[in-house]
Structure formats: structure tokens, C-alpha cells
Amino acid sequence: MLNCCCNITDQIVYIPIEMVGLAPFQPRRSFDTLKLMGLAKSIKRYGVLQPISVRFMGEGHFELAAGERRLKAAKMAGLEVIPSVVINVRDKDAAAICLLENIQRERLTPFEEAEGYKRLINLFGYTLDDICRIVGLEPEYVAKKLRLADLGDEVKSELVSLKSAEEYAYLVAELEDDSLRLKAAEGIIKLKMDVKSAARFINRLKEDPDAAASDEFLKPSVRKYFKDIRLFTNTIKRAVDIMNESGVETAFDIVKKEGETEINIRVKDHN
């Protein structure tokens, strides 16, 4: 049985893996299985090159502070003991260490990162400035990220698999109602909307919560770009001029009718 007291620091000890438990404030919720298997293969061959960090919690029990991927991979590799550094820190400091280690080593999902920041604030009393000093990021970045922590679990599970999950999430977070956020997320997934289409859908939901996801949001409105018909006709005129300059005889005329404008383009056939 390994004997250890909480003031042991800065030295490597080999701890039985079954004695190491996870902390409740670990920020990561999912792991890339293939990457984890690759790390396990490397550990099986070379061992754990960098020790994990743990806290001594009492006889026969340690709590992980940093190195969850290494711990999981070491278990997969069949190791019985793992090199560790025992650190003496408070809960709030351990939570900060967990978050920082995950941000620096293996990118968290935007939702995991946001939840990590929120946990530091709600559970341990960190301020926005405290967090920024710890992670070395600007307040605007952290404050914006915190908006994602308010999204419901169902919304997050819908969006997390998208390639640009964070961009979609910020759009959905603009909606105040949780049920409306879920409706938006489901519509985005169902119609495979790109970010611009999703933005159009979100804006419509702000005006009309009963709006349904449909193909109309997949195509930008022509009126958005040609509010003045003169802009459109000037574009055509420039195109016709270019064709004439290149030797293709081209002409066009505009006929105004009631409620519409007719544009005719004629290209001389040289065959």
C-alpha cells in the first residue's frame, strides 16, 4: 500500500491506477476514440512520458488534477501504475488547472470550454478577470464563450457534431427561449443549413417564433442585393459593354410595364 501525505509536491511517484479517481470538475465530456487508442499504443511501447498531476485525498485515494487522456490511455494500455506528481491545491485551483490543461493540450469543444469557465465562476467564485489571467485570454473572448454555457444540453448535442458548431451556437444563443433554440438547432440540422442560411432562419424566428424551417432560408433574397433596379441594370450595361469591346455585338433595352420591368438582351449571331 502506497503511503502519501498531502504536502508531497514536485516529485514523481508511481501510483496504482485504481487509486486515481476523476475530479467532479473535469471539463472534458467526450474523447476522440481513435486518438485515445493511438496514445494507448504509444504508452504501451514507451510508457507515460509525462506524469499526471493528482491530489492526495486520503489513504488509498488520489484525485486527478491534470492528465485525464494519459490516465485513460494508460488504463487502455494495461498499465497497473502511473507516474504522478502529487500537488497540494484547493478545489478552486484544481478546477482551474484542469481547465487550463485541457485548453492547452487538446482542444475542448466550445461547449466544454464554456462550461468550464462557468463552473469556475459559479462553484469557486472566480471573476472574469481571474479566468483571463489564468488562461491568458482577452475578457471579450471569455465573455462571448460564456454565452454558450446557457444553451440547453439538447441544443448542444444537436450542434456539437457540426463542422462550424461554434458559429451556429452563437447564432442559436441569440434566441432567448430554450424551446425556440432547440427548434432552431433541429431545423439547422434537418435542412443542413450553412451559417448564412442559419442566420436567416434565426432572424425570422426572432420576428415570428412560429416560423418553420424550410428551403426558403437556403437561398438569399434577391431583394437584399437589388433594392434599386438601377443597380441591376447598370450591372447588365457594364456586361454588355464588355462583350461589345471584345467583338461580340450585343445590345439591350429596358421596357417598363405596369408592376414590372422587362429587360431584353440581344447578341448578334455570327454563324
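Residues numbered from 1 in each chain as written. Predicted model: local features only at pLDDT ≥ 70, side-chain atom pairs only at ≥ 80, totals over all residues. Heavy atoms only, no water.

Draft legend 1. Structural detail: the overall build of the protein. Within the protein, the secondary structure is distributed over 12 helices and 7 strands. Across the 271 residues in the protein, those meeting the buried criterion constitute 38%. Put simply, 63% of the contacts in the protein that link residues at least 6 apart link residues at least 24 apart. Counting only carbon and sulfur atoms, one obtains 52% of the accessible surface of the protein, whose full area is about 16600 Å². (Helix = DSSP H or I, 4+ residues; strand = E, 2+ residues; numbered from the N terminus. Buried < 20%, exposed > 50% of the residue type's maximum accessible area, 1.4 Å probe, protein only. Contact = heavy atoms within 4.5 Å. Areas by Shrake-Rupley, 256 points an atom, 1.4 Å probe, with all protein chains shown as cover.)

Draft legend 2. Highlighting the packing of aromatic side chains. By the definition in use, this model includes 2 aromatic pairs. Pairing phenylalanine 201 with phenylalanine 217 gives two aromatic rings, centres 5.1 Å apart and planes at 50 degrees, and the pair type is tilted. One end of the pair, phenylalanine 201, is in helix H10 (residues 195-207); the other, phenylalanine 217, is in the loop between H10 and helix H11 (222-225), with 16 residues separating them in the sequence. No difference in accessibility class separates phenylalanine 201 from phenylalanine 217, as the two residues are buried. (Phe/Tyr/Trp six-rings, centres within 6.5 Å; stacked < 30°, edge-to-face > 60°.)

Draft legend 3. Here's a closer look at the side chain of threonine 250. Residue placement: threonine 250 occurs in strand S6 (residues 250-257). Looking at threonine 250, its side chain comes within polar contact range of the main-chain oxygen of valine 248, at 3.1 Å. (Polar contact = N/O pair within 3.5 Å; in protein donor to acceptor, adjacent residues only side chain to side chain.)

Draft legend 4. Region of interest: helix H6 (residues 139-146). Considered for burial, the residues of H6 that qualify are Val142, Lys145 and Leu146. All buried residues of H6 fall inside an arc of 105 degrees around its axis, so they share one side. The inward-facing, buried residues of H6 contact helix H4 (110-124), helix H5 (128-135) and helix H8 (165-173). (Arc of directions from axis to C-beta.)

Draft legend 5. Structural view of the packing of helix H9 (residues 178-191) against H10. Where H9 contacts H10, the axes come no closer than 10 Å and their chain directions differ by 150 degrees. The angle between H9 and H10 places the two elements in the roughly antiparallel class. Pair H9 / H10 crosses with right-handed handedness. Counted together, Leu180, Lys183, Ala184, Gly187 and Ile188 of H9 and Ala198, Phe201, Ile202 and Leu205 of H10 form the full contact between these two elements. Tallied by class, the residues present in the contact of H9 with H10 amount to 7 nonpolar, 1 polar and 1 charged. (Axes fitted to C-alpha atoms, helices over the stretch in contact; angles between N-to-C directions. Parallel < 35°, antiparallel > 145°, perpendicular 65-115°, else oblique. Left-handed = near helix turned anticlockwise from the far one by under 90°. Nonpolar A, V, L, I, M, F, W, Y, C, P; charged D, E, K, R; others polar.)

Draft legend 6. Looking closely at the sheet that holds strand S5 (residues 81-86). On the basis of which strands lie adjacent, the open sheet formed by 5 strands has the order S1-S5-S3-S4-S2 and mixed pairing. The outermost strands of the open sheet, each flanked by one partner alone, are strand S1 (12-16) and strand S2 (20-21). As paired elements, S1 and S5 share 5 bridges and run antiparallel to each other. When the sheet's bridge partners are listed, proline 16 is paired in S5 with valine 81. Its contacts with the sheet put helix H2 (residues 68-76) on S2, strand S3 (52-58), strand S4 (61-66) and S5, and the angle it makes with S4 is roughly 125 degrees. (Pairing = 2+ DSSP bridges.)

Draft legend 7. Broad picture of the nonpolar core. Core analysis: the largest hydrophobic core is formed by 27 residues, its most contacted members being Leu151, Leu159 and Val172. Counting residues per element, the ones that place at least two in this core are H4, helix H7 (153-159), H8, H9 and H10. With residues up to four places along the chain from it excluded, the contact list for leucine 159 reads Phe111, Ala165, Tyr168, Ala169, Val172 and Ala185. One finds Leu36, Ile43, Val54 and Phe56 within the second-largest nonpolar core, a separate group that totals 20 residues. (Core = buried A, V, L, I, M, F, W, Y, C linked by side-chain atoms within 4.5 Å.)

Draft legend 8. Representation of the pattern of salt bridges within the structure. Applying the stated criterion across every chain, the model contains 10 salt bridges. Glutamate 113 is the partner of lysine 145 in a salt bridge, and the nearest nitrogen-oxygen pair spans 3.8 Å. Taken together, the residues lysine 145 in helix H6 and glutamate 113 in helix H4 connect sequence positions 32 residues apart. An identical accessibility class is assigned to lysine 145 and glutamate 113; each is buried. A salt bridge links lysine 118 to aspartate 150; the nearest nitrogen and oxygen atoms lie 3.3 Å apart. A residue pair is termed long-range when its members are at least 10 positions apart, and lysine 118 in helix H4 and aspartate 150 in the loop between H6 and H7 qualify at 32 residues. Via salt bridges that share partners, Glu113, Lys145 and Glu166 belong to a single interconnected network. (Salt bridge = Lys/Arg side-chain N within 4 Å of Asp/Glu carboxyl O.)

Draft legend 9. Summary view of the packing of helix H1 (residues 33-46) against H2. Put simply, H1 and H2 touch, their axes get as near as 8 Å, and they point 65 degrees apart. The pairing of H1 with H2 is recorded here as roughly perpendicular in orientation. Here H1 runs over H2; the crossing is right-handed. Residues Lys35, Leu36, Met37, Leu39, Ala40 and Ile43 of H1 form the contact with H2, whose own contacting residues are Arg69, Arg70, Lys72, Ala73, Ala74 and Met76. Here the contact of H1 with H2 is composed, by residue class, of 8 nonpolar, no polar and 4 charged.

Draft legend 10. Up close: the confidence of the model for the protein. A residue-level look at the protein finds 87% of positions with pLDDT of 70 or above and a mean pLDDT of 81. Note that pLDDT drops below 50 for residues 221-226; the model gives that stretch 2 contacts with residues more than four away or on any other chain. (pLDDT = per-residue confidence, 0-100.)

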